[in-house]
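# Observations on the model geometry
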Amino acid sequence: MSEVSHRAEEAPNWILVHPAYQQMKSLEVEDSAQVHAAFLVYMDLSEVRQWKEVSCVKSPELQVVLLEGREKEGAPIQTVFPLPTHRPLSHQSIRHVLDRGFPMLLCAVASDSTLVYQRMTDGLVTPDPPTGPFQDMGRRQHRKRRKQQ
């Protein structure tokens, strides 16, 4: 048992030696929490969600690490903005990322490593119609039922 604990003390934190984390650190972003958040999102996109061609780029204006990748082979490139939940978000920073020309996902990263993705668009987007065996009852029928009760 002591041999296992001794090896654990010698082994560095695997995140710190991961090539993707090293690449993000080399971008020289000042906010280490944002770099850590970007790495967690990188691992989720590349390992869990199986995105293709995930890479990191620096936004010098925002001083953040952004991720770019494809949801599946042949899909358009998307920009992912990893943001720790304690960091403020401004309209200007969203505008800056959207102006890059790619669809954008904002990813809120909680202190317990929970990730929440939100698709951001330039303007309003109409939602897709609902799918399923829905039956339109009509408002008039609904009103009549209320009056009868």
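The coordinates are above.
Presented here is an overview of the structure given in this document. Computed from a predicted structure; not experimentally measured. (Residues numbered from 1 in each chain as written. Predicted model: local features only at pLDDT ≥ 70, side-chain atom pairs only at ≥ 80, totals over all residues. Heavy atoms only, no water.)

## Points about the overall build of the protein
Which entries qualify depends on this criterion: Here a strand is any run of E in DSSP of at least two residues, a helix any run of H or I of at least four, and the numbering for each starts at the N terminus. Think of it in three bands: residues with accessible area under 20% of the maximum for their type are buried, residues over 50% are exposed, and the middle band is partly exposed, with areas taken using a 1.4 Å probe on protein chains only. A contact between two residues is defined here by any heavy atoms of the two lying within 4.5 Å. Working definition of accessibility: Shrake-Rupley area with a 1.4 Å probe, residue cover restricted to the visible protein chains.
Counting its regular elements, the protein contains 6 helices and 5 strands. Reading the helices (α) and strands (β) of the protein from amino to carboxyl end gives α-α-α-α-β-β-β-α-β-β-α. Sorting the 149 residues of the protein into buried and exposed places 31% on the buried side. For the protein, long-range pairs separated by at least 24 residues make up 48% of all intrachain contacts whose partners lie at least 6 apart in sequence. Accessible surface for the protein amounts to roughly 10700 Å². Of this, 53% is attributable to carbon and sulfur atoms.

## A few points about the pattern of salt bridges
For clarity, the cut-off: The salt bridge criterion pairs a side-chain nitrogen of Lys or Arg with a carboxyl oxygen of Asp or Glu, the two atoms within 4 Å.
For the structure shown, the criterion picks out 6 salt bridges. When the shortest N-O distance is used, the salt bridge between Glu53 and Arg70 registers 3.1 Å. Of this pair, Glu53 sits in strand 1 (residues 52–59) while Arg70 sits in strand 2 (residues 64–70); the two residues are 17 residues apart in sequence, bridging distant segments of the chain. Between Arg95 and Asp99 there is a salt bridge, and its shortest N-O distance comes to 3.1 Å.

## Here we look at helix 5 (residues 91–98)
Operational definition: Comment: arc refers to directions from the helix axis out to C-beta atoms.
Taken together, the buried positions of helix 5 are Ser93, Ile94, Val97 and Leu98. All buried residues of helix 5 project into a common sector of 135° when viewed along the axis, lining one side. Every exposed residue of helix 5 that faces more than 90 degrees away from the buried side is listed here: His91 and Gln92. Residues of helix 5 that are buried sit in contact with strand 2, strand 3 (77–84), strand 4 (104–109) and strand 5 (115–120).

## Remarks on unusual backbone geometry
Glycine aside, a negative phi is what most residues show, and trans is what most peptide bonds show. The backbone of Gln50 sits at a positive phi, close to 60°, despite the residue not being glycine. Take Gln50: it is sitting in the loop between helix 4 (32–48) and strand 1. Although it is not a glycine, Glu53 adopts a positive phi angle of roughly 55°.

## Describing the sheet that holds strand 1
Note the following rule: Here, a strand pair is defined by DSSP locating no fewer than two bridges between the strands. Only C-alpha atoms enter the line fits that serve as axes; for helices the fit covers just the stretch in contact. Angles between N-to-C directions range over 0 to 180 degrees.
Sheet architecture is open: 5 strands sit in the order 1-2-3-4-5, paired in mixed fashion. Strands with a single pairing partner mark the edges of an open sheet, and in this sheet they are strand 1 and strand 5. In this sheet, adjacent strand axes meet at a mean angle of 25° when their direction is disregarded. Across the sheet, helix 4 lies against strand 1, strand 2, strand 3, strand 4 and strand 5, angled at about 135° from strand 3, the strand it touches most.

## Quick notes on the packing of helix 3 (residues 19–26) against helix 4
For the record, the criterion: In this scheme the handedness of a crossing depends on how the near helix is turned from the far one: anticlockwise by less than a right angle means left-handed, clockwise means right-handed. Classes in brief: Ala, Val, Leu, Ile, Met, Phe, Trp, Tyr, Cys and Pro nonpolar; Asp, Glu, Lys and Arg charged; the others, Gly included, polar.
Relative to each other, helix 3 and helix 4 sit at 145°, their axes nearing to 10 Å. Between helix 3 and helix 4 lies a crossing whose hand is right-handed. Where helix 3 abuts helix 4, its residues Ala20, Tyr21, Met24 and Lys25 lie against Val35, His36, Ala38, Phe39 and Tyr42. Tallied by class, the residues present in the contact of helix 3 with helix 4 amount to 7 nonpolar, 1 polar and 1 charged.

## What to know about the environment of Ala37
With respect to the helices and strands, Ala37 occurs in helix 4. Separated by 76 residues in sequence, Ala37 and Ser113 place their C-alpha atoms 8.0 Å apart. Not counting residues within four places of it along the chain, the set of residues in contact with Ala37 comprises Pro82, Pro84 and Val109.

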